[in-house]
Number of protein chains: 2
Amino acid sequence: MLRTHTCGELRMSNVNEQVTLTGWVQRVRDKGSLVWIDLRDRYGITQLFLEEGKSNPEVLEQARNCGREFVVSASGTVTERQSKNDKMPTGDIEIKVEKLELLNASKTPPFTIEEETDGGDDLRMKYRYLDLRRASVRQNLQLRHKMAQQTRLYLDGQNFIEVETPVLIKSTPEGARDFVVPSRMNQGEFYALPQSPQTFKQLLMVSGFDRYYQIVKCFRDEDLRADRQPEFTQIDCEMSFIEQEDILNMFEGLVRHLFKQVKGIDIASVPRMTYDHAMKYYGSDKPDTRFEMKFVELNDVAKGKGFSIFDGAELVVGICASGCASYTRKQIDELTEFVKRPQVGAKGLVYARYNEDGTFKSSVDKFYDESALRLWATAMDAKPGDLLLILSGPEEKTRKQLSELRLHLGNQLGLRDKNKFSPLWVLDFPLFEWDEETQRYHAKHHPFTSPKREDIPLLDSDPGKVRANAYDMVLNGTEIGGGSIRIHDKATQQLMFKKLGFTDEEAKKQFGFLMEAFEYGAPPHGGIAFGFDRLCSLFGGVDSIRDFIAFPKNNAGRDVMIDSPSTIAESQLDELGIAVKENRS
Amino acid sequence: MLRTHTCGELRMSNVNEQVTLTGWVQRVRDKGSLVWIDLRDRYGITQLFLEEGKSNPEVLEQARNCGREFVVSASGTVTERQSKNDKMPTGDIEIKVEKLELLNASKTPPFTIEEETDGGDDLRMKYRYLDLRRASVRQNLQLRHKMAQQTRLYLDGQNFIEVETPVLIKSTPEGARDFVVPSRMNQGEFYALPQSPQTFKQLLMVSGFDRYYQIVKCFRDEDLRADRQPEFTQIDCEMSFIEQEDILNMFEGLVRHLFKQVKGIDIASVPRMTYDHAMKYYGSDKPDTRFEMKFVELNDVAKGKGFSIFDGAELVVGICASGCASYTRKQIDELTEFVKRPQVGAKGLVYARYNEDGTFKSSVDKFYDESALRLWATAMDAKPGDLLLILSGPEEKTRKQLSELRLHLGNQLGLRDKNKFSPLWVLDFPLFEWDEETQRYHAKHHPFTSPKREDIPLLDSDPGKVRANAYDMVLNGTEIGGGSIRIHDKATQQLMFKKLGFTDEEAKKQFGFLMEAFEYGAPPHGGIAFGFDRLCSLFGGVDSIRDFIAFPKNNAGRDVMIDSPSTIAESQLDELGIAVKENRS
């Protein structure tokens, strides 16, 4: 080893020891006769010290010539600092340098390697390897490592076996777009990269592996919305001989284990909420339960007073913003503008201030007197000082709009603290989703998701009402995982395909070999997959998943550091038996 | 949970407990009034028992109707067996079945799920999910899981951090063929799948991550030789601020840890051998050191006796097959035929029997009398009863041929026991390899491998003699890992490129962004990668890596289970802006 210690470990107890440290020059401070160097590595920063008249003049000269990000090896004696720095773990000591070896010089980096860097996003992405030197980015990846370690520790302890499933698989027409890989040995044919190991993990259950997991790369060729990546990582799990309750307990256990081990936070238990409840009270299947501000339906108290907008609406629904009666007109206008943005799409916002003195002031005073507004306040459990905010319109749309407003207010009121964690199970998702475009039902989760036994009679009479054995885990308003109990018997599966409008032939073509596998003794099974990048970013209290990926791609799917994708040689295309189309868009 | 216990855990101490087991019907034995079922899951086999007159008649009837591989749930009482089976861990007990629930029926599987199965290779590959039910295949994957676990445990304990590197990267013209992935969002451009994360792990060193590892999928589009897979898994590692000795110690530690934890074998230390020594005494850079049978050069004692074949040969070299003087003429003929096979390519084989009575009999008695042959025996340290086998010809070729013969004899003599493990470091590989075709030197490892400091003067005078800081770990005659100390300074790298015949421009084009990264403070670093599939197969004592991959591909790169690769829709090709060439070969 070129070093005896790292730059993060020396303390007062090491004073007088002879040590050698290696690392990067963070900063050189040259005060004439005194020179300090902050030496940085993955483990911390240690101060080097040299003094004219005491240090070897050549070594002093070397120290003065060190530039930012030079790589050096420094040998010397650990000494107590005269002025200690209690903000850093090594702040009590410094190294009296006796020997300094330049291991490698560095050009001046294009941005400063500091927390408050002067580098913009694009520049830092291009020089990602330099950005990774910054403490916060490094800590993100260290957190990710710990998350993976602890995930494995928990699942290994529960008798799960990690099995690697293939990356070169087969393209399926269902779902999102596949990335494909032309086969040279089988020209004209293509592999696909997996969107998830779904099929393989179900096959492993057929094989009897009864508890499977994998932390695995998945791929989706989608137009990238903000903060999506073409390649992403899942914690993928499946279990046999279980019921939904077993999965919920097992993976609630995982999440509690992660919180305890990684964040030191005790999560007593993960609350559960049905999909219907979530939609009714939060307008979302992934409610942020760090704060309340539940929806209150106001049809009973708001209709029939001559206000035509409410009278003609399918739903009048509101939230109570606690302590916001003092909002200025400008603040309320801002909220109105927020809900009228095309991304939200409301036509307007009705408000009612419940003043501290017990009086009311609303935007619809023309139709509602104080006693009418008091009825709203009572329905919404409002107190003097609160602000009532009400939307109306078609039921589903209005709930979604109010959900956006609720989250916006949550942010504004500081109710969405990144250091507070509120995990939640959302249960009983609908089995089907009506698709306006094709005018038929689609599987909400996937076609192998099992319906609730008691809802099977509804499959014929009212398919939209059939609930699935499907569940999501939500953390702070973000879906972090989801799964289902699968269908494992042929009769139910055939019924399901029929309801989804598949002919026997279509079903066979698309899901043939899995269907065949199910005929050789498939056990009852189910599973879940967690979005690992997102889980890490939430644990890290950071919005972007990109910060938790060592070498991410940008929104155009490009890696700007290595400049990929790129053109390839004609000879390579020839070998693969493919051509790039000339008139490409 | 649908079960209270697994099929592998019940013992005498559980007698009289009420239990529920789930699993697959391995076998039903119906002896008239008595019925036994062997119920199997991932953890073992437990015997179920039913008896006419005592068991519920309906349940008895159900039991009789169970076919092979039916999935059932059986509830009943643990009882002591009348005739115990000490070959199975659950052999002392059986379950008196009170309730039997059919969870899923099964068609008769296309082959028997037994160790001695009647299914051929192709059939078992097509129904891989059934083959995976067989105990030996399952145990292989369990071994692999344990290997991965223990690898992580060791490296985590040594402060390595696992970082995921990207799968969608950039195609490079060097080395083996890349698999490529057309980009829909950047039409006409392609990603490539990584042959290894080499570049990224070196960038992580530049970033300061000083100890990196990853158990990672890699991809190589090669014409598949036997037992190669287009996707394979590596244990990929890199360290900074180290010298070769540190890498050797660290990863010798890994291998010893794996042997101890996975196989219960203590490996005292891993011997080291130079490349030159290995070539001289074993004719191979991956010698199987489970047995000796070293090469002995015989030029001094064999030339100049009028035997023109030896006299005209650059090298006469032999091995001593201990105790084989009694080989029949037929046996020796077989060895001669072996070396004359085109894959080996020798022109003939000279032998000399050193008989038990001290006399000699050779195939070249015409030229060598007893005293001449005795000189051979002395040189080869042979004892009465040994057989001397000698090849001659051009030096390099002859050594390779003799290496093949040595391994062949090792097999024949039972010296290559799969349960004996002989790891070995091979060190000091040459930096360059002369390429006859292009008439120039190529990097033997890769162009970032550093030369030994003391050999740098030879770079100009005798490049072929320059040794690299490169090392392989060999186990039982198979390379299981290899790596090098990298060049980290620009001057040496430029010199290296020059020696490899790159112009500055070519070097920049091919290795541009890595070269640029190296200008911003690259630390001294080096690393190693282990072939994880192969390592698992060697630990499992099995020749084929395929048996240690859950869903392998065949020699044509096909997954016959899912029938991939396959054609994709025209619309998919259109979206990607590519076309399949009509006149494809």
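Let us look at the structure shown here.

Calculation notes
Residues numbered from 1 in each chain as written. Chains lettered and ligands numbered in written order. Predicted model: local features only at pLDDT ≥ 70, side-chain atom pairs only at ≥ 80, totals over all residues. Heavy atoms only, no water. Contact = heavy atoms within 4.5 Å. Buried area = accessible area lost by both parts, 1.4 Å probe. Salt bridge = Lys/Arg side-chain N within 4 Å of Asp/Glu carboxyl O. Polar contact = N/O pair within 3.5 Å; in protein donor to acceptor, adjacent residues only side chain to side chain. Helix = DSSP H or I, 4+ residues; strand = E, 2+ residues; numbered from the N terminus. Buried < 20%, exposed > 50% of the residue type's maximum accessible area, 1.4 Å probe, protein only. Pairing = 2+ DSSP bridges. Axes fitted to C-alpha atoms, helices over the stretch in contact; angles between N-to-C directions. Left-handed = near helix turned anticlockwise from the far one by under 90°. Nonpolar A, V, L, I, M, F, W, Y, C, P; charged D, E, K, R; others polar. Least-squares fit on C-alpha atoms with pLDDT ≥ 70 in both.

1. Focus on the interface of chain B and chain A
Taken together, the 125 residues of chain B in the interface contact 125 residues of chain A. For the pair chain B and chain A, the summed buried area comes to about 11300 Å², and 56% of that belongs to carbon and sulfur atoms. Connecting chain B to chain A are 20 salt bridges. Here A:D210 and B:R42 are joined by a salt bridge, their closest N and O atoms 3.2 Å apart. For the interface between chain B and chain A, the tally reads 84 residue pairs in polar contact (both at pLDDT 80 or more).

2. Re the environment of B:S269
Residues and elements named next belong to chain B. Residue position: S269 is located in the loop between α6 (244-263) and β11 (272-274). Take S269: its relative accessible area is 44%, and that puts it in the partly exposed class. The spacing of S269 and E252 is 17 residues in sequence and 7.5 Å in space, taken between C-alpha atoms. In contact with S269, other than residues within four places in its own chain, are E252 and R256.

3. Thoughts on the sheet that holds strand β11 (residues 272-274) of chain A
Within a sheet, each strand pairs with its neighbour through backbone hydrogen bonds, oriented either parallel or antiparallel. Residues and elements named next belong to chain A. Pairing is mixed across the open sheet formed by eight strands, whose spatial order is β6-β9-β10-β22-β21-β20-β17-β11. Two strands in the sheet have a free side with no partner beyond their single neighbour: β6 (161-162) and β11. Pairing of strand β9 (residues 211-219) with strand β10 (residues 231-240), which is carried by nine bridges, proceeds in the antiparallel orientation. Note that in β10 the partner of F219 across the bridge is E231.

4. Points about the sheet that holds strand β10 (residues 231-240) of chain B
All names here are of chain B. If you walk across this open sheet you meet the eight strands as β6-β9-β10-β22-β21-β20-β17-β11, and the pairing is mixed. Two strands in the sheet have a free side with no partner beyond their single neighbour: β6 (161-162) and β11. Relative to β11, helix α7 (residues 275-282) is tilted by about 85°, and along the sheet it contacts β11 and β17 (423-427).

5. Concerning the packing of helix α4 (residues 135-157) of chain A against helix α16 (residues 532-539) of chain A
Residues and elements named next belong to chain A. For the pair α4 and α16, the least separation of the axes is 10 Å and the interaxial angle reads 115°. Remark: the crossing between α4 and α16 carries right-handed chirality. On α16, the residues touching L143, R144, M147 and A148 of α4 are F532, D533, L535, C536 and F539. Across the contact of α4 with α16, the residue classes break down as seven nonpolar, no polar and two charged.

6. A look at unusual backbone geometry
Each neighbour pair has its own omega, and for A:S564 with A:P565 the value is 5°, a cis peptide bond. Note that A:P565 resides in the loop between α16 and α17 (570-576). The phi angle at A:D563 is positive, at roughly 60°, despite the residue not being glycine. Residue placement: A:D563 occurs in the loop between α16 and α17. Unlike most non-glycine residues, B:D210 shows phi in positive territory, near 35°. Mapped onto the elements of the fold, B:D210 is located in the loop between α5 (198-206) and β9 (211-219). A relative accessible area of 1% means that B:D210 is categorised as buried.

7. Considerations on the relation of the copies chain B and chain A
Take chain B, turn it by 180°, move it 0.0 Å along the axis, and it overlays chain A with an RMSD of 0.1 Å. Considering both components of the superposition, the chain copies are consistent with a two-fold axis. The share of interface residues of chain B whose copies in chain A are also at the interface is 100%, consistent with both copies meeting through the same surface.

8. Notes on the environment of A:Q82
Residue and element names in this part refer to chain A. Tracing the sequence through the fold places Q82 in the loop between β4 (71-80) and β5 (93-104). Accessibility expressed as a relative area gives 83% for Q82, which makes it exposed. Separated by 12 residues in the primary sequence, Q82 and E94 have C-alpha atoms spaced 9.2 Å apart.

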